[in-house]
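Per-entry structural report
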Amino acid sequence: MRTITIDPVSRIEGHAKISIHLDADGHVADTVFHVTQLRGFEKFAEGRPFYEMPAITARICGICPVSHLLASVKACDAIMSVRIPPAAAKLRELLHCAQIVQSHALSFFHLSSPDLLLGFDSDPAKRNVLGVIEAFPDLARDGIALRKFGQQAIEGLAKERVHPSWTVPGGVNAPLDPAVRDRIRAGLPQAKEIALRTIAFFKGVVDQFKEEIANFGNTHTMHAGLVDAEGNVQFYDGNVRFIDAEGKVVVDRMESADYSRYIGEAALPYSYLKAPFFKPRGFPEGIYRVGPLGRMNVATRCGTPAADAEFAEYHQRYGKVVHSSFHFHYARLIELLYGVERMEALLEDESILDRHVRAHAGVNALEGVGIIEAPRGTLIHHYKVNEEGAITWANLIVATGNNNLAIGRSVDQVAKHFIHGKKIKEGMLNRVAAVVRAYDPCLSCSTHAADQYPLEINLVDADGTRLQTLRS
Amino acid sequence: MSEQITMRIDGQVCTAKEGQTIIEVAQANGRYIPSLCHMPGLSADGCCRLCLVEVTGLNRLLPACTTPVRNGMSVVTDSERLNQNRLMALELLFSERNHICAVCVSNGHCELQGLAQQLGLTHIHFTYNYPKLPVDVSHPRFVLDHNRCILCARCVRVCDEVEGAHVWDIAGRGINSMLVSDLQRPWGESQSCTSCGKCVQVCPTGALVEKGHAVEEMTKRNAVVTQLAIKRGTHP
Ligand code: SF4
Ligand code: FES
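1. Overview of the pairing of strand S9 (residues 178–181) of chain B
All names here are of chain B.
- Bridge analysis of strand S8 (residues 168–171) against S9 gives 4 bridges, and the strand direction is antiparallel. Each residue of the ladder has a partner; that of alanine 171, found in S9, is methionine 178.
- Connecting S8 to the next strand, S9, in antiparallel fashion are 6 residues, including glycine 172 with a positive phi near 80°.

Below, the structure is given as structure tokens:
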């Protein structure tokens, strides 16, 4: 029995484990995707003043702090029943775009490009960021530059890179300094060039992956994501739209407060991560996907010129609804471009410097829901408070949760297609890990080294014997 | 008129008036002694044990905030032994309740945190207590978070001595001590509280804070309270 061991990194959001069960003939009988996640968050929050939630959720999760901050402040805005000043909304969106750019750059360049550029079957010792730097130095440099651009923008806006305390209930706590605006603006042309270059590069290689495209979660599900009134993609604001696998709009512009009418949360016996589903269709038929693939499917367009051109080409190539989860990568790159263009537009608007950026209020509603599009998909924060503003109940639906069922189904498809026999090549198991990576689940985004991925895959015989383990 | 005396602090000759405490003389002579429960303008309490100093000729350590000076006294404010003691006192404070700086509204403006940084506290060697403590949000303007209270009793003293309302007291003993308002009624229902906010301004941590501040946003102005106390002559 061969074991490849790279110790999984410990993360609060949890580790993922995949079990692949073989039947007596060595064919894949069943696969299970489990997530071990720290719970108890709701308990910690109970009794605390609601306006502390943004900081608490940002730190407890630690994976994409800006996303949790923003979903949380939106839920708090709802409890205060305030409409935040327009400049504050723009600044929050700007911060969010910067985070999406840096997160998508991390996902593509650091976590997925080793598979895509060096090959799924290439030497695992070299199939990492260092290998990419060696073989494709220009592309690796682009990746580093783009992440840095996003991080510096966040840092400039929020004065602190990892856990910005700048975003507060009611708005943001300081207006934008013109010097910071100019600095971020100065980096935009290069960021845009890189985004365009990377998409062009990806379009050139994507068709080499026919077998992966056909089998990486190439499945019919519903899709969900935020759009605005015109159907443009939205990261920070807007309302959730659900479409079915044929592209028909099933729910348009869902009110945030109504989410529980449409989203059910199933508990899976083998996973700590809840499995949300579209309630009207039931479980598990109500499976849907979120994140880049979902957003690019539900939106009518992006709303910025260069991204719209790419959006049109993408759908021309793969249809109105893109079904394969392999295309998370492609969709992610379009979003990266959109994020940069959106930052451009926001910073061009002089009113973003407006000094009125915060609304003050106490408790005006006993419940609040905040929904945003985190880099990896729709994120929902829902709090209930008493009249004094103490949290009495909290519920979070995280992006990776929304994709939980779809990840499970994708893993199953990949395993059944690529794995046969009791002795399998590492590259085959790596494809199983890669389909999980395509979703960029919370488990991966915080690992700064691509070769340390908190995922364990076990191949199990019909009689329960563990044949092989891959930790990546 | 009280008598002039002479003493030494870390070898430096200082003149003082009889009845002054070591910490007062030290401060008047530009010598720094770490302290937490002590606040100029309020009576001394001596409960945090951060200000312990060595007095020549005595084996035990004495709190500088409550010990009066004597003629000819020689005090040491800085030594390895003192440092160890101060670190231990801080570690005990941190391990007793739930001080999670990262999510605290007072992060960056907290006296407890500041002292830990200043004294170079890097590890808590004691097991954390993790008590389950309530947060009192019943007051319309202020919040009391017991998780962050270090029982320094500054609030008790300022409310009693400066405002004259005496809302606060410390109930229970030892590890079960708790700050209470008006005989254990929720703060918001207090009959005696004038909502003046002095307790909030003097509280060294994020235990007493104004409502509505996000993480790191709560700053305090305790010097104002000191000035007021001195002006009113509530304390020498
Ligand atoms: S609430 Fe603040 S001032 Fe009052 S005893 Fe606790 S720590 Fe001291
Ligand atoms: S400052 Fe002297 S014991 Fe607290």
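From this point, the discussion proceeds with the structure in view.
2. Some details on the confidence of the model for chain B
- Looking at chain B, pLDDT values average 93 and 98% of them are 70 or higher.
- Per the prediction output, this complex has pTM 0.84; the corresponding ipTM is 0.74.

3. Observations concerning the packing of helix H11 (residues 305–318) of chain A against helix H12 (residues 328–348) of chain A
Residue and element names in this part refer to chain A.
- At a minimum axis distance of 8 Å, the contact between H11 and H12 shows a crossing angle of 165°. In this view, H11 runs roughly antiparallel relative to H12, as classed from their interaxial angle. With respect to the hand of their crossing, H11 and H12 are arranged in left-handed fashion. Of the residues in H12, those in contact with Pro305, Ala306, Ala307, Glu310, Phe311, Glu313, Tyr314, Arg317 and Tyr318 of H11 are Tyr330, Ala331, Ile334, Leu337, Tyr338 and Glu341.
- Of the residues that constitute the contact of H11 with H12, the class distribution is 11 nonpolar, no polar and 4 charged.

4. Some points on the domain arrangement of chain B
Residue and element names in this part refer to chain B.
- Assigned domains within chain B: domain 1 (4–78) and domain 2 (84–232).
- Its C-alpha centre places domain 1 at a distance of 25 Å from the equivalent point of domain 2.
- Listed per partner, the contact involves 22 residues of domain 1 and 26 residues of domain 2.
- Together, the buried faces of domain 1 and domain 2 total about 1700 Å²; carbon and sulfur atoms form 61% of this surface.
- For the domain 1 face of the interface with domain 2, the top three residues by lost area are Leu36, Met39 and Leu42, together amounting to 36%.

5. So, the site of ligand 1
- Near ligand 1, the surroundings consist of Cys149, Ile150, Leu151, Cys152, Ala153, Arg154, Cys155, Leu179, Cys203, Pro204, Ala207 and Leu208 of chain B.
- When grouped by side-chain class, the residues that make up the shell around ligand 1 number 11 nonpolar, no polar and 1 charged.

6. Some points on the sheet that holds strand S13 (residues 377–385) of chain A
Residue and element names in this part refer to chain A.
- Taking strand neighbours across the sheet as the criterion, the 3 strands line up as S12-S13-S14 in an open arrangement whose pairing is antiparallel. At either margin of the open sheet sits one strand with a lone partner, and together these are strand S12 (367–374) and strand S14 (391–397). Along the sheet, successive strands turn relative to each other by an average axial angle of 10°, direction set aside.
- Here S13 pairs with S14 via 6 bridges, running antiparallel. Bridging across to S14, histidine 381 finds its partner in leucine 396.
- Packed onto the sheet, helix H3 (residues 65–80) meets S12, S13 and S14 and runs at close to 150° relative to S12.

7. Overview of the confidence of the model for chain A
Residue and element names in this part refer to chain A.
- Per-residue pLDDT for chain A averages 86, and the proportion of residues at 70 or more is 90%.
- Counted against residues more than four places away or in other chains, residues 1–14, with its pLDDT under 50, gives 43 contacts.
- Low confidence marks residues 444–452, where pLDDT is under 50. Its contacts with residues over four positions away, or in another chain, come to 22 contacts.

8. A look at the environment of isoleucine 22 of chain B
Residue and element names in this part refer to chain B.
- Tracing the sequence through the fold places isoleucine 22 in helix H1 (residues 22–28).
- For isoleucine 22, a relative accessible area of 0% corresponds to the buried category.
- Distance in space between the C-alpha atoms of isoleucine 22 and threonine 66 is 7.6 Å, their sequence separation being 44 residues.

9. A few points about the nonpolar core
- Residues Ile20, Met343 and Ile419 of chain A are the most contacted members of the largest nonpolar core, which totals 115 residues.
- In terms of residues, this core owes the most to one element, helix H4 (residues 86–118) of chain A, which gives 14 residues.
- The contact partners of isoleucine 20 of chain A, leaving out residues within four places of it in the chain, are Val28, Asp30, Thr31, Ala415, Ile419, Leu429, Val432, Ile457, Asn458, Leu459 and Val460 of chain A.
- Grouped together as the second largest cluster of nonpolar side chains are 45 residues, Ala75 of chain A together with Val137, Cys149 and Cys199 of chain B included.

10. As for unusual backbone geometry
- Of note, the bond from phenylalanine 283 of chain A into proline 284 of chain A is cis; its omega dihedral lies within 30 degrees of zero at 0°.
- One non-glycine residue with positive phi stands out, namely arginine 253 of chain A, at about 50°.
- Here the phi dihedral of aspartate 10 of chain B falls at roughly 50°; this positive angle occurs in a residue that is not glycine.

11. Some points on H11 of chain A
Residue and element names in this part refer to chain A.
- Helix length check: H11, at 14 residues, gives a terminal C-alpha distance of 20 Å against a target of 20 Å (1.5 Å per residue), a fit within 8%.
- Listed in full, the buried residues belonging to H11 are Ala307, Glu310, Phe311, Tyr314 and His315. Angularly, the buried residues of H11 cover 130° about the axis, an arc narrow enough to put them on a single face. Exposed side of H11, more than 90 degrees from the buried face: Pro305 and Gln316 are the residues found there.

12. Considering the interface of chain B and chain A
- With 19 residues of chain B at the interface, the matching set in chain A holds 17 residues.
- Together, the buried faces of chain B and chain A total about 1400 Å²; carbon and sulfur atoms form 54% of this surface.
- Scanning the region where chain B abuts chain A turns up 3 salt bridges.
- The closest approach of N and O atoms between arginine 358 of chain A and glutamate 217 of chain B, which form a salt bridge, is 2.9 Å.
- Along the contact surface separating chain B from chain A lie 6 residue pairs in polar contact (both at pLDDT 80 or more).

13. As for the packing of aromatic side chains
- Within the structure shown, the criterion is met by 22 aromatic pairs over all chains.
- Taking the centre distance of 6.0 Å and the plane angle of 85° together, the rings of tyrosine 318 of chain A and tyrosine 330 of chain A count as edge-to-face. Of the two residues, tyrosine 318 of chain A is situated in helix H11 and tyrosine 330 of chain A in helix H12; the sequence distance between them amounts to 12 residues.
- On the basis of an interplanar angle of 70° and a centroid distance of 4.8 Å, the ring pair of tryptophan 168 of chain B and tryptophan 187 of chain B is categorised as edge-to-face. Remark: tryptophan 187 of chain B occurs in the loop between S9 and helix H5 (198–202) and tryptophan 168 of chain B occurs in strand S8; sequence separation between them is 19 residues. With respect to burial, tryptophan 168 of chain B and tryptophan 187 of chain B carry one shared label: buried.
- Ring-pair connections join several aromatic residues into one group, and the members of that group are Phe108, Phe109, Phe202, Tyr314, Tyr318 and Tyr330 of chain A.
- Above the face of the tyrosine 236 of chain A ring, lysine 74 of chain A is positioned so that its terminal group lies 4.8 Å from the ring centre.
- The ring of tryptophan 393 of chain A has lysine 384 of chain A lying over it, and the distance from NZ or CZ to the ring centre is 4.6 Å.

Thresholds, definitions, all that
- Residues numbered from 1 in each chain as written.
- Chains lettered and ligands numbered in written order.
- Predicted model: local features only at pLDDT ≥ 70, side-chain atom pairs only at ≥ 80, totals over all residues.
- Heavy atoms only, no water.
- Pairing = 2+ DSSP bridges.
- Helix = DSSP H or I, 4+ residues; strand = E, 2+ residues; numbered from the N terminus.
- pLDDT = per-residue confidence, 0-100.
- Axes fitted to C-alpha atoms, helices over the stretch in contact; angles between N-to-C directions.
- Parallel < 35°, antiparallel > 145°, perpendicular 65-115°, else oblique.
- Left-handed = near helix turned anticlockwise from the far one by under 90°.
- Contact = heavy atoms within 4.5 Å.
- Nonpolar A, V, L, I, M, F, W, Y, C, P; charged D, E, K, R; others polar.
- Domains from an automatic or database assignment.
- Buried area = accessible area lost by both parts, 1.4 Å probe.
- Near = heavy atom within 4 Å.
- Buried < 20%, exposed > 50% of the residue type's maximum accessible area, 1.4 Å probe, protein only.
- Core = buried A, V, L, I, M, F, W, Y, C linked by side-chain atoms within 4.5 Å.
- Expected span 1.5 Å × (residues − 1).
- Arc of directions from axis to C-beta.
- Salt bridge = Lys/Arg side-chain N within 4 Å of Asp/Glu carboxyl O.
- Polar contact = N/O pair within 3.5 Å; in protein donor to acceptor, adjacent residues only side chain to side chain.
- Phe/Tyr/Trp six-rings, centres within 6.5 Å; stacked < 30°, edge-to-face > 60°.
- Lys NZ or Arg CZ within 6 Å of the ring centre and 35° of its normal.

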